[in-house]
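Each chain is listed here by its residues.
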Amino acid sequence: MTSVKGWAGALLGVAATTVLFAAFGQLRPGWVWLGVVAMAPWLEALDRVRSARGAVGLGLLLSVTFTAAVFGWFPGAIAAYSHAPVWLCWGVFLLIAPVLELQFIAAAWVRWYARRRGAEAPRLAWVPPVLTALVYVGTEWFTPKLFAETLGHALYASETLRQGADLAGAPGLTLGLLLINECVVSVAQGASRRGLRLRPVVLAIVLAVVGWGYGWVRLGQVRSAVHSAPSLVVGAVQANITNIEKLAAEQGTYEVVRNILDTHYAMSDALLRSGPLDLLVWPETVYPTTFGTPKSEDGGALDDEIRSWVAERGVPLVFGTYDLDGEREFNAAMFLGPSATGELAQSAYRKTMLFPLTEWVPDAVDTPSLRAMLPWTGRWKRGPGPRLVDFRLNGGRVLKVAPLICYEAVFPNYVAAEVRQGADLILTLSNDSWFSGTPAPRLHLMHAAFRSIETRTAQVRVTNSGISAFIDPAGTWTSELEDNQRAGTVMRVPAADRLSSLAGAWGDWLGPVALVLAVVLGVWIRRPV
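Residues numbered from 1 in each chain as written. Predicted model: local features only at pLDDT ≥ 70, side-chain atom pairs only at ≥ 80, totals over all residues. Heavy atoms only, no water.

Visitor: Explanation requested: the overall build of the protein in the structure shown.
Guide: Looking only at helices and strands, the protein features 18 helices and 12 strands. On C-alpha atoms alone, the protein measures out to a radius of gyration of 25 Å, which is about the 24 Å that the 2.2 N^0.38 rule sets for 529 residues. Each principal axis of the C-alpha distribution contributes one length, and for the protein these read about 80 × 55 × 40 Å. Counting all 529 residues of the protein, 54% fall into the buried class. Within the protein, residue pairs in contact and separated by at least 24 positions form 71% of the contacts whose partners lie at least 6 positions apart. Taken as a whole, the protein presents about 22,700 Å² of accessible surface, with 62% of it coming from carbon and sulfur. Computing the positive centroid from 45 side-chain charges and the negative centroid from 42, the protein places the two 14 Å apart. (Helix = DSSP H or I, 4+ residues; strand = E, 2+ residues; numbered from the N terminus. Rg over C-alpha atoms; globule rule 2.2 N^0.38 Å. Buried < 20%, exposed > 50% of the residue type's maximum accessible area, 1.4 Å probe, protein only. Contact = heavy atoms within 4.5 Å. Areas by Shrake-Rupley, 256 points an atom, 1.4 Å probe, with all protein chains shown as cover. Lys, Arg positive; Asp, Glu negative; His and termini not counted. Charge placed at Lys NZ, Arg CZ, Asp CG, Glu CD.)

Visitor: Would you take a moment to explain the nonpolar core for this structure?
Guide: Among soluble globular proteins, nonpolar side chains are generally buried collectively. Counting 114 residues, the largest nonpolar core has Met39, Trp42, Leu131, Phe335 and Val460 as the members making the most contacts within it. The element best represented in this core is helix H9 (residues 165–193), accounting for 8 residues. When sequence neighbours within four positions are dropped, the list of residues in contact with phenylalanine 335 reads Leu317, Val318, Ala345, Gln346, Ser347, Tyr349, Val389, Phe391, Val401, Pro403 and Leu427. Counting 28 residues, the second largest nonpolar core, distinct from the first, contains Val233, Val257, Val286 and Tyr287. (Core = buried A, V, L, I, M, F, W, Y, C linked by side-chain atoms within 4.5 Å.)

Visitor: So what exactly am I meant to see when it comes to the pattern of salt bridges here?
Guide: Proximity of charged atoms lets side chains of opposite charge pair with each other. Per the counting criterion, the structure on display carries 25 salt bridges. Taking the shortest distance from any N to any O, the salt bridge between arginine 350 and aspartate 323 comes out at 2.8 Å. Here arginine 350 is found in strand S5 (residues 344–350), whereas its partner aspartate 323 is found in strand S3 (residues 317–325), with 27 residues between them in sequence. The salt bridge involving arginine 451 is made with glutamate 454; its shortest N-O contact spans 2.9 Å. In this pair, arginine 451 and glutamate 454 are both assigned in helix H16 (residues 440–455), 3 residues apart and thus about one turn of the helix distant. Assessed through its relative accessible area of 4%, glutamate 454 is described here as buried. (Salt bridge = Lys/Arg side-chain N within 4 Å of Asp/Glu carboxyl O.)

Visitor: Just to check I follow, could you spell out the side chain of threonine 489 for this structure?
Guide: Relative to the assigned elements, threonine 489 resides in strand S12 (residues 487–496). For threonine 489, a relative accessible area of 14% gives the class buried. For threonine 489, the contacting residues outside a window of four places in its chain are Val234, Gly235, Ala236, Leu271, Ser479 and Leu481.

Visitor: How should I be thinking about the packing of helix H4 (residues 74–82) against helix H5 (residues 86–95) in this particular structure?
Guide: Helix packing geometry: the angle between the two helix axes and the distance between the axes. Viewed as axis vectors pointing N to C, H4 and H5 meet at an angle of 130°, and their least axial separation amounts to 8 Å. The orientation of H4 with respect to H5, classified from their angle, is oblique. Judged by the twist between their axes, the crossing of H4 over H5 is right-handed. In contact with Phe74, Pro75, Ile78, Ala79 and Ser82 of H4, H5 contributes Val86, Cys89, Trp90 and Phe93. Across the contact of H4 with H5, the residue classes break down as 8 nonpolar, 1 polar and no charged. (Axes fitted to C-alpha atoms, helices over the stretch in contact; angles between N-to-C directions. Parallel < 35°, antiparallel > 145°, perpendicular 65-115°, else oblique. Left-handed = near helix turned anticlockwise from the far one by under 90°. Nonpolar A, V, L, I, M, F, W, Y, C, P; charged D, E, K, R; others polar.)

Visitor: Would you mind showing me how to read the packing of helix H8 (residues 127–142) against helix H18 (residues 510–524) here?
Guide: Taken N-terminus to C-terminus, the directions of H8 and H18 make an angle of 140°; their axes are 8 Å apart at the nearest point. Relative to H18, the element H8 is oriented oblique. With respect to the hand of their crossing, H8 and H18 are arranged in left-handed fashion. The segment H8 lies against H18, with Val127, Val130, Leu131, Leu134, Val135, Val137, Gly138, Thr139, Trp141 and Phe142 engaging Leu510, Gly511, Pro512, Ala514, Leu515, Leu517, Ala518, Leu521, Gly522 and Trp524. Residues belonging to the contact of H8 with H18 are distributed by class as follows: 16 nonpolar, 4 polar and no charged.

Below, the structure is given as structure tokens:
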């Protein structure tokens, strides 16, 4: 592909795939079908490339255009958070795009390599499509992605197709979509050269029917396992109090915390007046200071006030705060509820998966010069990892909770490790206010929904500014409080029979398996023909 016409066709292929990705990623039910053709223009362009440099170039280009088209809201949000120039945020974001979307570059190179071997041995013509798909999925597994996104996430818009995520998570859906895209490319190439190829048509139909059929059967099983009567009634408070740092600078920290608590008390009392609750939940860092280890007399008085409020209302409370251990400070979820002796007991869950360069900096690079360049960087430490919290409710019932704080919801292995400890419920506290008004709150909610599908476990998700929701084991969200909305809601968690799943048992297993298979296949085609 050395002619101007050839390069124009290649650029058109990249542009077409980018546009299809942008539409497919809107999570709209009517656009789910775009997933079976979204990669096809780019794959077709790759098949016309004659050199490894050209293939890598097309992969590099798609990584940048994909990042700009699908996550174009992110630089503006970071600029608002850090007060850095928007142009600088855009520049850095696009500069690191090839690292964040390395799967395009890796898949492009390996496709060129496999096609070259296939040209020497026509009987290996099936290898490039399979190797491309395996390397794509495997590379996504180890790439340091900020958003943990993959092509299969867009199938969330189909209630039936998304059920397949309980086998191999969203990457399993990605693998299926990639293989169908390969069939589309094969059909198109055959039609332009030698006529219609029936084999890829049949394979595409089989893949689609198997995916839909499995989802239909599994959805029926999940619905049968969920009972109509609620086993847990949860009051969720979304107060939509944002820009706390700015408010604290203007009004003083104590006044801001006072307003936050008074607002949550009032909204919680309104929920309690609507009917009995088993549990109240407030969002991440709603109490923006340490709880239980106060840093001042005012802090100690506020701690006692929260405890007294919980004891007087007689309802257990989970809320986001900071937890202190010596000089180490953690982003935490605090559990306040009755103990076996009837007294008020507290326990804390410490967030482990911290967002890099905002919540946490690795000790190896944590220097004064770095913090001078990135003054917004937090000083929280990482928690001990996945852990279950046994939380006693009124009446002596013990609820086994798999707690998650914000960013942790995008990590399948982490969530699966918690649920495997015997969780009755996933409880997610989040603060997405930094990204209010962008697609991020809904994308974050979609990630959380996949965790419930993979583990077949119900989830209560409460955020500061939206989107709070109850998510059932089929990944359907209800009791939804939209972005930038102040409201409280009652979430009725139905009783459900425990269902097992491969993704719940093995976590994010497909990525490493795909890499191993790709290496084996790549070595195999190197042998003499």
